[in-house]
Every structure is written in C-alpha cells, then in structure tokens.
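Single-letter residue listing:
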Amino acid sequence: MTLLEQFRLWLATILPGWEWLAYVVPAIVGIVVILGFVLTMVIVFIWYERRLLGRFQIRLGPNRLGPEGVFQPIATAVKILLKEDVVPEKGDKVLHWLAPVIVFVPVLMIFAVVPFGERAILADLNVGIVYVVAISSISVVGIYAAGWASNNKYALISALRTVAQMVSYELPLILAIVGVVLMAGSLSMTQIVASQDIPFFILQPLGFVIFFLGTLAELNRCPFDLLEADSEIVAGYHIEYSGMKFAMFYLGEYGHALAYSCIIATLFLGGWQGPLLPPIMWLVIKALVVFSTIVWIRGTLPRLRVDQLMAFAWKGLLPMAIINLFMIAAEVLWLPETMLWIMGAVNLILAAGLILMWSKLFTLGGGRVEV
Amino acid sequence: MKFERYGIGIAKGMAITFKHLFRPPITVQYPEEKLVVSRRIRGNELVWFPDRCTGCATCAKSCPQGNIEIATHVGSENNYVVDKFELDAGRCMFCGLCVESCPYEALAMGVSYEQAQYRRGDLVWSKEELQPLNKRPSGYARPEIEAALPKQSLLIYGDKERDEGGQKLRLIPLSKKRGRGV
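Residues numbered from 1 in each chain as written. Chains lettered and ligands numbered in written order. Predicted model: local features only at pLDDT ≥ 70, side-chain atom pairs only at ≥ 80, totals over all residues. Heavy atoms only, no water.

Enquirer: Would you explain the environment of D122(B) in this entry?
Expert: For D122(B), the position within the fold is in the loop between β4 (107–109) and β5 (124–125). Taking the C-alpha atoms as reference points, D122(B) and K19(B), separated by 103 residues in sequence, lie 48 Å from one another. (Helix = DSSP H or I, 4+ residues; strand = E, 2+ residues; numbered from the N terminus.)

Enquirer: Hey, could you run me through the nonpolar core in this one?
Expert: Side chains of a nonpolar character, in soluble globular proteins, are inclined to be buried together. Core analysis: the biggest nonpolar cluster contains 84 residues, and F111(A), F211(A), L258(A), I263(A) and L267(A) have the highest contact counts within it. Sorting elements by how many residues they give to this core places helix α11 (residues 243–268) of chain A first, with 11 residues. When neighbours within four sequence positions are excluded, I263(A) is seen to be in contact with I110(A), V114(A), I129(A), V132(A), M189(A) and F211(A). Listed in part, the 22 residues of the second largest apolar core include I68(B), L87(B), V99(B) and L107(B). (Core = buried A, V, L, I, M, F, W, Y, C linked by side-chain atoms within 4.5 Å. Buried < 20%, exposed > 50% of the residue type's maximum accessible area, 1.4 Å probe, protein only. Contact = heavy atoms within 4.5 Å.)

Enquirer: What's the story with the pattern of salt bridges in this structure? I'm lost.
Expert: Oppositely charged side chains may form a pair once their charged atoms are brought near each other. Applying the stated criterion across every chain yields a total of five salt bridges over all chains. Its salt-bridge partner being E49(A), residue R298(A) comes within 2.5 Å of it at the nearest N-O pair. In this pair, R298(A) sits in helix α12 (residues 279–300) while E49(A) sits in helix α2 (residues 21–56), placing the two residues 249 residues apart along the sequence. Relative accessible area serves as the criterion here: at 34%, R298(A) is assigned to the partly exposed category. A relative accessible area of 1% places E49(A) in the buried class. Notably, a salt bridge pairs E69(B) with K84(B), separated by 2.9 Å at the nearest N-O pair. Separated by 15 residues along the polypeptide, E69(B) in strand β2 (residues 68–74) and K84(B) in strand β3 (residues 80–88) bring together distant segments of the chain. A residue is classified by how much of its surface remains accessible, and E69(B), at 41% relative accessible area, is partly exposed. (Salt bridge = Lys/Arg side-chain N within 4 Å of Asp/Glu carboxyl O.)

Enquirer: Just checking my understanding: could you explain the side chain of H96(A) for this structure?
Expert: Residues and elements named next belong to chain A. Inspection of the secondary structure assignment puts H96 in helix α4 (residues 93–110). A distance of 3.5 Å separates a polar side-chain atom of H96 from the backbone oxygen of E240. Apart from residues lying up to four places away in sequence, H96 is in contact with V86, V87, P88, A149, S150, E240, Y241 and K245. (Polar contact = N/O pair within 3.5 Å; in protein donor to acceptor, adjacent residues only side chain to side chain.)

In structure tokens:
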C-alpha cells in the first residue's frame, strides 16, 4: 500500500466525502517541496558555477558576501528584482510578458519525474523520459517568443539560432535516450534507475557522450551557447529583458541545467543509487559532478560557429547515435543478460573507434575548414 | 598513430584548465592584499623638506596649475621663514615640474600611491602633512637617490629578491582571511 492510499483511507475515516483532498494535498506539498528544492539548488548552482569558473580561470570568483561568497547569488537576485522592468515600445507586449513564463514553467515541470529516491518521485509516469523530452522542448518556444517579442535584431537572430540548434540536437539526444530505454526495458524513470546495477555510462559510453553533448546544446551552454554569443549578438534573446522577467530567464537557465544534470545522473550515472549516503544526497552529488563537468567545458572550449554547430549535430552526433542505437539493440537482443561487462567493453571500443573516425571529419586548419 | 588531428586538442585544453584548479589564484584582493611595488616607483605624493626650503617660491611659479600656495615672512637671519606651504592634491597632476625646478632639492616626489580621501578638503596637503616624517622621497629628478635604488625591469618582485632586484611574482598563499567578508 502506498503512502497515498494510506492517506486516502485515513482521510475517509475522519472526513467522509472529502477523499479528493487526498489528491490535492499531496500535490500541493509536492509542488512546494519541488519548488523549494529547485530554487535552493539553483542559487547553489549559480554560486558554484561562478566560483568554479573562477578557479578554472585562476581567479577567485565572488567571495565577499558571506563565507566564501555564498550570499552573492542572493544579492544578485535582489538587485535583479529591484530593477526597472523595461518593455520595448514597438515590441509585442503580451508575448514579451509571456515568454519568460513559457521558459521557466517547463523547467519546473521536468522535476515532477526526477526520482530523488526509491519512491521519492512526484509523479511516477510510465512514460517519464518521453515526458521529459516533450516538456523540455517547450522552453524553446519561450525563447523564440522572447526573441520575436523584443523587436530587436539580435534577439531575433538568437531566437532563430536557438530553434535551429534545438531541432538539430534533439534528434541525437532522443536516439541516445532510446539506447538507455532499450537496456532498461522501460520508459519510467524509476524503472530506469532500478535497472542500473551497473551505471549505464559504463555500459554505453558512446550514448553517454552523445547525450551529454546534446544536453550541452539543449542547455545552450558552452561551447554551444550561440544564442547568447556575447561577442556577436550582445546578449541574445534576453537583450531587451530586465528586472523580474530577466530573473525568470536566469532562473530558467540554471533550473534547466539542474534538471538536465539530474536527468543525466538518472539515465546514465545510476540516479539515487549509491552506498551509505541517503538517496537524495547521491542524486545531488551526481548532479553536481555533471554540472562541474559542464562548467569545466565552459571554462575550456571556445564557441562553435553556426555552420560548425549544424555540421556537428547532423554529420557528427546523429550518425553516431544511430550506430550506437543499432549496436545496443543488437546487444540487448542477442547477448545474454549475464554478459553485461562484455557489452560494456564492446561498447567502449565502439565508442573510441567511432569518436576517432568522426573526429577526422572535423579537422580545422591549413586556412580551410573541412566540416 | 598521430592524434593531432583526432581531437586531442580538446583533451589537452581540458587538462590545462583542470590544472588551473590547483594553482593559486592570481587575483590580488587589493585593500587586504597588496603587491610589492617597485622601489623605483614615482608615487603621487610630494615630500617637502622644511630645513632645505628657503621659501624662494620657484616651485609655486613653475606649477602649471598655480597649485602651490606659499607664504613667507623675513626671519631674524635675513632669511625667509615659511608660514604656509599648501598644495591641493585634487588639482595636482603630479607633473613633477615643481620638483624639477626646486634649486635646493627641498621638494621630491614620494613613493606612496594611496591618496584617496572622502572629502575634497582632505585633499589639501598642509605644511605638516608634506613633511618627510614617514615618507620616502622617490628617485624622480633626484639622480643621487635614484642611483642608490636597485635596478630592475619589472614592477613586481618577491620579498626574497627585493635587494637583488628580482622579477618574480610573489605567490600569495590562501590564508584564512581570504574569501571572508569585508
């Protein structure tokens, strides 16, 4: 008997006829808990990224407010919230107001299916990962709306880039997810975590790399942060935003990073599974590891050009993802389940070979670009 | 097998940034931490030696801003006694013409560089404030002082090599004070 059923029975005894409360109360509690978790973690992530990026660049990062500067994001938030809300005179005012909401809300909705523990999940959908893919794509609509409503050429260029980027990178991302689903035998997030006695990044390293790179593009992080390319289009889609609305974009960006860190941890790193520590700690630790890698990449790699970005998605990740998918399907079909380690070794060799082969496609230099 | 064309550059770059994590940050948190400045610095302060000053007011005449205010009266030994020697640092551009023009080497550029004040009135240096009590004259336009200073090419040098005129950046260890609030 689940906790929900117990709660419903208990309600029926004290308040007959009010059983529907059993659905409303847990939903509200869940939303509040998730919102609290997301907002806290986003603040931690903002601080963590700025500090870590500073260390990667031999700087200190923010360190004045509070111990090690932990209150800096709060100060930043207060500053942003107190700013004047400027709306472009010739922009689409309704859309300009709506866009940050469309960006931020789906990010919160992703957390509904992130398993924080064995049964600590807000909604254990049997199509959990499909839900994640579907919901997270809605943010793009918000970004496009922001770019359009701003009545600004840079914002519009940024929005168009985003749409092109998302359409391109969604494909390898989903194909990599299909590999995981094949191996786990379920679309449900809890089932995927439960089937990872050996984390999937060992069993299918190529899928992990593809999913990670696709995620970087999906999050608009370096080296795929073309929509915010400061040196080309100033600030991209949120160039005309300030105050509360900008805060929503900011929150959405880091919330997205948090959500996808959690999802990578769930799909490939074994989710909440781990010894000694409580499950939620394991999920947070794994999400932090993923996020640290994202920051590490941001601190290292330069931004791609638009054509390189497209070529990387369509000529690089997509064929690799298809080969990876067929390979895993064949292994799941023909290899006995006891030979998981052989599967891992085969996939590792495959990953190394494919990455070497494909990297030859993307050589630069000699005054020309062979993409 | 050459890996130069197989994306090894990305791995190399990632390794370099990872190594940066273990280097001390090059940030100097200025008010709390200060780099050692060159002893050949020509700071933005002036040092006035009252015992050498004859009150001839050559410095006041040479000042492009007319910034030096000097008032004297005739003393017992038929000399000038300086009553007032005032200089507004807010208007001074530290061109050093007064130092160059002084026939008795009674004025010199100092070595300090932290002269900011909260009020404009505090920027006016009086006779007392200009005296070399805890100030050191720099080698600017004073060849004999300059000759005594160590030779060096960089502005920053470590404590150890201070006398040899070394050129190493001083590594500041991460102290407990670092990263705390103001």
